[in-house]
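What follows is each chain in one-letter form.
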Amino acid sequence: MASSCEGCASAGNCSAQENGGCDQGPQSFLEKLNEYSSVKKVIGVVSGKGGVGKSFVTASLASAMRKKGYSVGILDADITGPSIPKMYGLHGPATGSEMGIYPIESSDGIKIMSVNLLMEDEEAPVIWRGPVIAGTVKQFWTDVVWGDLDYLFVDMPPGTGDVPLTVFQSLPVDGIVVVTSPQELVQMIVKKAYNMAGMMNIPVLGVVENYSYLVCPDCGKEIKVFGESHIDEIASGMGIEVLGKLPLDPAFAELADAGLFGKADNIYLDKAVKTLEEM
C-alpha cells in the first residue's frame, strides 16, 4: 500500500523525507525577507477598482507614520502603474551591492522601492505578463535592503488579480486597508477586497473613503460630489472600521504633482494612524 504522503512527496511538497513525518498542512508560499532587513509590520493598501486614490492613501499613511517617528518604507507593487516615486520627487536608478538593491529615501526619510526607480526611461510602459510582474514584487521583498522598518506599506494594484494574490501569499501581511469612494458600486467593490482578504486569512484593519466630499472655498459647505456616502453602514455590516473620510483637496494634488508629498499633513487619517500604532 502506498504511503499517505506519496503524492505530495512526488510533487516536492512534503517534508517527510527531512523530518521523518508527513506534514499534511497547507504549503507555505512565504518568501524569505532580505537577510539585511527587518520589518515589524507589513500593511497592504488595496482597492477593488482603479482611480480611488489608493497610492495617495498609501503615501498619506506612510508620511503620517514617519511624522510619528517610526521607520517606514513603501513597496510599490503597482508595477504597471507606479506613481509613488513621482509623488515624492524620486528618480532612479537605484543602486545595489552584494547585499541587495537599496531603496531610495524620500526627503522625509521614507524608504521607497518601485519599478520606476529601476528603469532607464521612467515613461516607458511596463509590458510584462503576470508571472514576471509577480516575480518582481517578490524580489522587492527578497532582494531589497530595507534595513530596520517599523512599517512597510505595500501599494497594490487594483482588483484581486496576480499581484494582490502574490503579496498575500508571499509576504507576511499583518493587515490591509481598503480604499474606496462614495460611488454606488462601493459596496460590491469593498466586499470583493474584504472577501479576498478573508480567503487568505489576512486581517482587514478598516476602510478609507476617498473623494468623500469637497469643501466650498467660499462658504465652507461640504459638497458631496459623488453623492451621499454609505460607507458607515457598509463597514458596519461587515464588522470593520471606517478609518477616515478624505475630502477632495487640491493642495494634496499640488504637492504630489510637484514631488513634495513628504510635506503633506493628512489630518483626516488620525484614526487610521491610531489603529496602526495599536497593532
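Let us look at the structure shown here. The shown structure was predicted, so the numbers you read here are calculated from the model rather than taken from an experiment.

### Structural notes on a negative patch on the surface
1) Next: A cluster of acidic side chains, namely Glu-120, Asp-121, Glu-122 and Glu-123, defines a negative patch on the protein surface.
2) Next: Along the chain, Asp-121 falls in the loop between strand E6 (111-113) and helix H5 (130-142).

### Digging into the packing of aromatic side chains
1) Next: Applying the stated criterion to the full structure yields six aromatic pairs.
2) Next: With a centroid separation of 5.8 Å and an interplanar angle of 85 degrees, the aromatic rings of Phe-56 and Phe-261 are classed as edge-to-face. Remark: Phe-261 occurs in the loop between helix H9 (250-257) and helix H10 (270-277) and Phe-56 occurs in helix H3 (residues 54-67); sequence separation between them is 205 residues.
3) Next: Relative to Phe-261, the ring of Tyr-88 has its centre 6.1 Å away and its plane inclined at 80 degrees; by these criteria the two rings are edge-to-face. Here Tyr-88, found in helix H4 (residues 84-88), pairs with Phe-261, found in the loop between H9 and H10; they are 173 residues apart in sequence, far enough to count as distant.

### Side note on the pairing of strand E8 (residues 175-180)
1) Next: Buried residues dominate E8, accounting for six of its six residues.
2) Next: Of the two faces of E8, both are covered, the one formed by Gly-175, Val-177 and Val-179 as well as the one formed by Ile-176, Val-178 and Thr-180.
3) Next: Of the pairings in the sheet, the one linking strand E1 (residues 38-46) to E8 comprises four bridges and is parallel in character. The partner of Ile-43 across the bridge, within E8, is Gly-175.
4) Next: Of the pairings in the sheet, the one linking E8 to strand E9 (residues 204-209) comprises five bridges and is parallel in character. Bridging across to E9, Val-178 finds its partner in Val-207.

### As for the nonpolar core
1) Next: If you look at the biggest cluster of nonpolar residues, it comprises 79 residues, and the most contacted ones within it are Leu-61, Tyr-88, Phe-153, Val-167 and Ile-176.
2) Next: Among the elements that line this core, the one with the most residues is H3, at seven residues.
3) Next: Leave out the neighbours within four places in its chain, and Ile-176 touches Gly-44, Val-46, Phe-168, Ala-193, Ala-197, Ile-202, Pro-203, Val-204, Leu-205 and Gly-206.

### Focus on a nonpolar patch on the surface
1) Next: There is a patch of nonpolar side chains on the surface, built from Ile-223, Val-225 and Phe-226 and spanning about 230 Å² of accessible area.
2) Next: For Ile-223, the location among the structural elements is in strand E11 (residues 222-223).
3) Next: The exposure class of Ile-223 is partly exposed, given its relative accessible area of 39%.

Parameters and conventions
- Residues numbered from 1 in each chain as written.
- Predicted model: local features only at pLDDT ≥ 70, side-chain atom pairs only at ≥ 80, totals over all residues.
- Heavy atoms only, no water.
- Patch = residues over 30% accessible without salt bridge, like charges linked within 9 Å, V, L, I, M, F, W, Y side chains within 5 Å.
- Areas by Shrake-Rupley, 256 points an atom, 1.4 Å probe, with all protein chains shown as cover.
- Salt bridge = Lys/Arg side-chain N within 4 Å of Asp/Glu carboxyl O.
- Lys, Arg positive; Asp, Glu negative; His and termini not counted.
- Charge placed at Lys NZ, Arg CZ, Asp CG, Glu CD.
- Helix = DSSP H or I, 4+ residues; strand = E, 2+ residues; numbered from the N terminus.
- Phe/Tyr/Trp six-rings, centres within 6.5 Å; stacked < 30°, edge-to-face > 60°.
- Buried < 20%, exposed > 50% of the residue type's maximum accessible area, 1.4 Å probe, protein only.
- Pairing = 2+ DSSP bridges.
- Core = buried A, V, L, I, M, F, W, Y, C linked by side-chain atoms within 4.5 Å.
- Contact = heavy atoms within 4.5 Å.

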